[in-house]
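Architecture at a glance
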Amino acid sequence: MPRGRPAFFILVIAVGLYFTFKYSQPQHVNPPLAARTPTSALKESSAQEAPEVPTTQHKDQFTRRIVAVGDLHGDLPNALKVLQMSGVISESGNWTGNVDFFVQTGDIIDRGDDTLQLYELMERLRVEAKAAGGTVLSNLGNHEFMNAIGDWRYVYQSEIKTFGSVADRQKMLTTGWVGRAWRQNYTLATRLPLHTSLGDPNTDYDPATSSLDLSHAAIAFMHGGLSPTYEDMTPFPSRINKIGHSLLARLQDQTQPPPHPPSPYPGLPHDTPPEERELYGTNGPLWYRGLALDEEADVCAVIDEILNKIGCRRVILGHTPDFEHVNSRCGGKVIIIDTGISHAYGGALSALSITYTLTPSGGQSEDAPWIEKEIVKAIYASHNDTLAINERTVYTRFRD
Ligand SMILES: *[C@@H]1O[C@H](CO)[C@@H](O)[C@H](O)[C@H]1NC(C)=O
Ligand SMILES: *[C@@H]1O[C@H](CO)[C@@H](O)[C@H](O)[C@H]1NC(C)=O
Ligand SMILES: *[C@@H]1O[C@H](CO)[C@@H](O)[C@H](O)[C@H]1NC(C)=O
């Protein structure tokens, strides 16, 4: 990722806001950022021209803690265990507030009986997190889509009983609260900025900002992976999410086909457009396994180009289990967090923890740098493993 050029993007925002609020004369108000090229933004904010920003603000350390959990497959007790051991929830099952973001990478459904309780847990935590200033980010996996399609090969009969009947289950996954939650509160891909100056979760990466120090200070999450030949990668993540939500609506809105088995595999509806077929294909973000299974050297040869396109430092995936540990590849640029948490697999209980800090270095002066540090750990029931520690100096002027 390009770096080394002093980045004043944040200063420009701060100065812009300062003058927007302080003066009403239009000549003092900076033009909207979107209307500028990065070069003009840099020029306009150079030390000589930029009006002085009040220096009363103290430079504090900035910390952001993220926990991600992979495939849960119908096992509530094990889901509660991983959320507890990673500090997301307390002994009593409530949001602790010790984590800023909890991300789940899909496949909550199938292979177990606790589907409804797991989705209920996610929606409760979403509300509790919000009230405490935290955020739950949920993604759909290939198994959520399989169920929406009517591909019920991994659905236990005992699980159908927890909904009532087949028809009750179909209703719940379409117009019921589970189906509505998928539509409203689940994405297919998440881009999570590590710093507030990059915007809210799922802000698209803007390639025009690529020269800024923190342009790629974000993490991508999705269920399967990104193939280097997948055509609808950008703008990331909105393109994937738009196609995915269109497919989900198409599946939920159709007359529900009788589930397979015993009925034949219904497949995607006839009017499904090519980009939605691609999304659900073996090369699409829900099913792709190449980043997890290809030779590591081959993955490392393509991952930088992918990360550059999507404006992220790492991509965190579920879908392809390793029953012993979280699988970190290419120095933590690809991390696969599906460890077969559900008793259906009897794998390892695990979670991923990312702690991001920006610490003022060299005093309180405007131009003093920051030490940026990202610590990535796998959390297990008995121990934790450090997967990556990345540290560097950045010269961005923060005013958050
Ligand atoms: C804790 O969770 C329980 C449900 O398990 C809920 O009834 C209660 O309101 C929660 N408490 C808080 C403080 O959110
Ligand atoms: C989606 O999440 C919000 C909280 O962010 C919650 O109020 C709402 O009920 C959820 N929607 C569904 C359908 O569960
Ligand atoms: C592993 O990390 C978790 C979450 O940060 C922490 O609560 C726990 O004490 C750590 N466990 C060990 C053995 O260090």
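Structure shown above.
Residues numbered from 1 in each chain as written. Chains lettered and ligands numbered in written order. Predicted model: local features only at pLDDT ≥ 70, side-chain atom pairs only at ≥ 80, totals over all residues.

The subject of this paragraph is the sheet that holds strand β11 (residues 370-380). Strand order in the open sheet formed by seven strands is β4-β3-β2-β1-β10-β11-β12, and the pairing between neighbours is mixed. Every interior strand has two partners, whereas the edge strands, β4 (186-187) and β12 (384-394), have only one. Of the strands in this sheet, β1 (62-69), β10 (350-360) and β11 are in contact with helix α3 (residues 76-85), which crosses β10 at around 20 degrees. (Pairing = 2+ DSSP bridges. Helix = DSSP H or I, 4+ residues; strand = E, 2+ residues; numbered from the N terminus. Contact = placed C-beta atoms within 7 Å. Axes fitted to C-alpha atoms, helices over the stretch in contact; angles between N-to-C directions.)

The full set of residues close to ligand 2 is E123, R126, V127, K130, W177, R180, A181, Q184 and N185. Mapped by element, the contributors of at least two residues to the shell around ligand 2 are α4 (115-131) and α8 (177-185). Ranked by residue count, the leading element in the shell around ligand 2 is α8, at five residues. The residue makeup of the shell around ligand 2, split by class, is three nonpolar, two polar and four charged. (Near = placed C-beta within 6 Å. Nonpolar A, V, L, I, M, F, W, Y, C, P; charged D, E, K, R; others polar.)

Okay, the nonpolar core next. Ranked by size, the top nonpolar core spans 85 residues in total, and within it A68, I316 and L352 carry the most contacts. With residues near it in sequence (within four places) discarded, I316 still touches A68, T105, I219, A220, F221, I335, I337 and L352. (Core = buried A, V, L, I, M, F, W, Y, C linked by C-beta atoms within 7 Å. Buried ≥ 20, exposed ≤ 12 C-beta atoms within 10 Å, placed from the backbone.)

Restricting attention to buried positions, one finds in α3 the residues N78, A79, V82 and L83. The buried residues of α3 occupy an angular sector of 135 degrees when projected down its axis, which confines them to one face. Buried positions along α3 lie against β1, α4 and β10. Looking at the residues trailing α3, positive phi occurs at G87, about 80 degrees. (Arc of directions from axis to C-beta.)

What follows concerns the sheet that holds strand β8 (residues 327-329). Backbone hydrogen bonds hold the strands of a sheet together, and the pairing may be parallel or antiparallel. Overall, mixed pairing links the five strands, which are arranged β5-β6-β7-β9-β8 in an open sheet. The open sheet has two edge strands with one neighbour each: β5 (189-193) and β8. In this sheet, neighbouring strand axes are inclined to one another by 20 degrees on average, regardless of whether the strands run parallel or antiparallel. Here strand β6 (residues 218-222) pairs with strand β7 (residues 314-317) via four bridges, running parallel. Along β7, the bridge assignment pairs M222 with L317.

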